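# Reading the structure
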Amino acid sequence: MKIIVCMKQVPATSKVDIDPETGNLKRGSAGQRTNPYDLYALECALQIREKTGGSVTVLTMGPAQAESMIRDAYSMGADEGVILSDRKFAGSDVLATSYTLTQGIELLGGADLILCGRQTTDGDTAQIGPAIAEHLHIPHCAWVSAIEKVDETQITLRQNFGSVTQISRMHYPCLVTVDKDICVPRLPSWRLTKETRERPVRIVTFEDLPKPDLTRFGAVGSPTRVERIFAPEAGAESMKILGSAEKKAKKLAEILAERKYI
Ligand code: FAD
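The following refers to the structure shown. Everything quoted here is computed from the prediction, not taken from an experiment.

### Overview of the environment of C183
With respect to the helices, strands and loops of the structure, C183 is situated in the loop between strand 10 (174-178) and helix 5 (190-195). The spatial distance from the C-alpha of C183 to the C-alpha of L59 is 21 Å, given a sequence separation of 124 residues. With sequence-adjacent residues up to four places away left out, C183 is seen in contact with Y40, E43, C44 and Q47.

### So, the packing of helix 3 (residues 94-107) against helix 4 (residues 128-136)
One way to put it is that helix 3 packs onto helix 4 with a least axis distance of 9 Å and a crossing angle of 55°. Relative to helix 4, helix 3 is oriented oblique. Where helix 3 crosses over helix 4, the two elements pack in a sense that is right-handed. Across the interface between the two elements, V94, L95, T97, S98, Y99, L101, T102, I105 and E106 of helix 3 pack against I128, A131, I132, H135 and L136 of helix 4. For the contact of helix 3 with helix 4, the per-class residue count stands at nine nonpolar, four polar and one charged.

### So, the pattern of salt bridges
Throughout the structure, instances matching the rule amount to nine salt bridges. For D79, the salt bridge is made with R49, and the minimal N-O distance between the two is 2.9 Å. Taken together, the positions of D79 in the loop between helix 2 (67-76) and strand 5 (80-84) and R49 in helix 1 (residues 36-52) put the pair 30 residues apart, joining distant regions of the chain. For R49, a relative accessible area of 18% gives the class buried. The salt bridge involving E148 is made with R158; its shortest N-O contact spans 2.8 Å. With E148 in strand 7 (residues 140-150) and R158 in strand 8 (residues 154-161), this pair connects stretches of sequence that are 10 residues apart. Residue class for E148 comes out partly exposed when judged on its relative accessible area of 39%. Salt bridges sharing common partners tie together E43, E50 and R186.

### Points about helix 2
Among all positions in helix 2, only M69, I70, A73, Y74, S75 and M76 are buried. G77 sits one or two residues past helix 2 and shows a positive phi near 135°.

### Here we look at the packing of aromatic side chains
A full pass over the atoms with the stated rule returns three aromatic pairs. Here the aromatic rings of F206 and F217 are separated by 5.3 Å at their centres, their planes lie at 90°, and the arrangement is edge-to-face. Highlighted residues: F206 in the loop between strand 11 (202-204) and helix 6 (245-258) and F217 in the loop between strand 11 and helix 6, separated in sequence by 11 residues. We note that F206, like F217, is buried. The ring of W143 has R118 lying over it, and the distance from NZ or CZ to the ring centre is 4.1 Å. One Lys or Arg, R216, reaches over the ring of Y99 and ends 3.8 Å from the middle of that ring.

The rules behind each value
- Residues numbered from 1 in each chain as written.
- Predicted model: local features only at pLDDT ≥ 70, side-chain atom pairs only at ≥ 80, totals over all residues.
- Heavy atoms only, no water.
- Helix = DSSP H or I, 4+ residues; strand = E, 2+ residues; numbered from the N terminus.
- Contact = heavy atoms within 4.5 Å.
- Axes fitted to C-alpha atoms, helices over the stretch in contact; angles between N-to-C directions.
- Parallel < 35°, antiparallel > 145°, perpendicular 65-115°, else oblique.
- Left-handed = near helix turned anticlockwise from the far one by under 90°.
- Nonpolar A, V, L, I, M, F, W, Y, C, P; charged D, E, K, R; others polar.
- Salt bridge = Lys/Arg side-chain N within 4 Å of Asp/Glu carboxyl O.
- Buried < 20%, exposed > 50% of the residue type's maximum accessible area, 1.4 Å probe, protein only.
- Phe/Tyr/Trp six-rings, centres within 6.5 Å; stacked < 30°, edge-to-face > 60°.
- Lys NZ or Arg CZ within 6 Å of the ring centre and 35° of its normal.

Note that all results are geometric; they support no functional claim without further evidence.
Put into structure tokens, the structure is as follows:
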């Protein structure tokens, strides 16, 4: 079984500077860490490989410094790591990012199972996984909270949608995005860190991709325009809700729903 896990390095803090011209995050202004959701995706992949055999490849689009994330994934048990890195990928929105990752997957010869985190803690759209599945014309399940059953031909998953739980079964090839708490990511192993110290991390550039069409990558291939990014002003507006705990909770829920927070 061939598994690809899409993982991304994100700013380690929420205090990231924003480029006033482009509205893009200045990623160099904060330390980097692995997107927390992606550790759950990697752990699921490793557990599936333990059952079915096969390989786990970590794929990321980002700067070369993402090598440290791949090395951490090697220390957890990943077999191979690939970074899609090129100036031509800069400024990619969801459409261009998902297309670039899809091209990376095709370059690797596809996969039986592609695993992503539910969302990132920076871009936060939760759209990349489903978008990759659409580019590849394969089925997907998003926000998966449990893997019920897995074998060499199919996977059975549970999704929690608040009041509804859905159990789905998919044949490979397919894509799954996993929610947090689906499993407990293992700690990096000292033995694996030592054993994989010399293992290469493959760097793939624009020219290496199967369809290097400039109009689909980076800022040029991104129809999204960020008009303005700003921190919401903290207002002095406040209100007091009185009554029993039950009444207060009900009123609060109404107010949050009215303002579309829930
Ligand atoms: P989500 O959809 O929330 O992520 C879900 C899952 O998809 C993740 O858990 C992970 O498994 C996978 N995933 C997401 N991104 C990657 C990745 N890069 N590699 C591997 N797996 C991934 N970001 C930049 O870093 N540099 C830029 O220059 C830049 N310019 C932008 C310009 C515009 C106009 C816009 C709108 C956005 C820009 N972004 C840039 C942000 C970037 O588009 C998003 O971070 C990216 O599309 C991923 O979306 P997300 O973070 O919401 O991922």
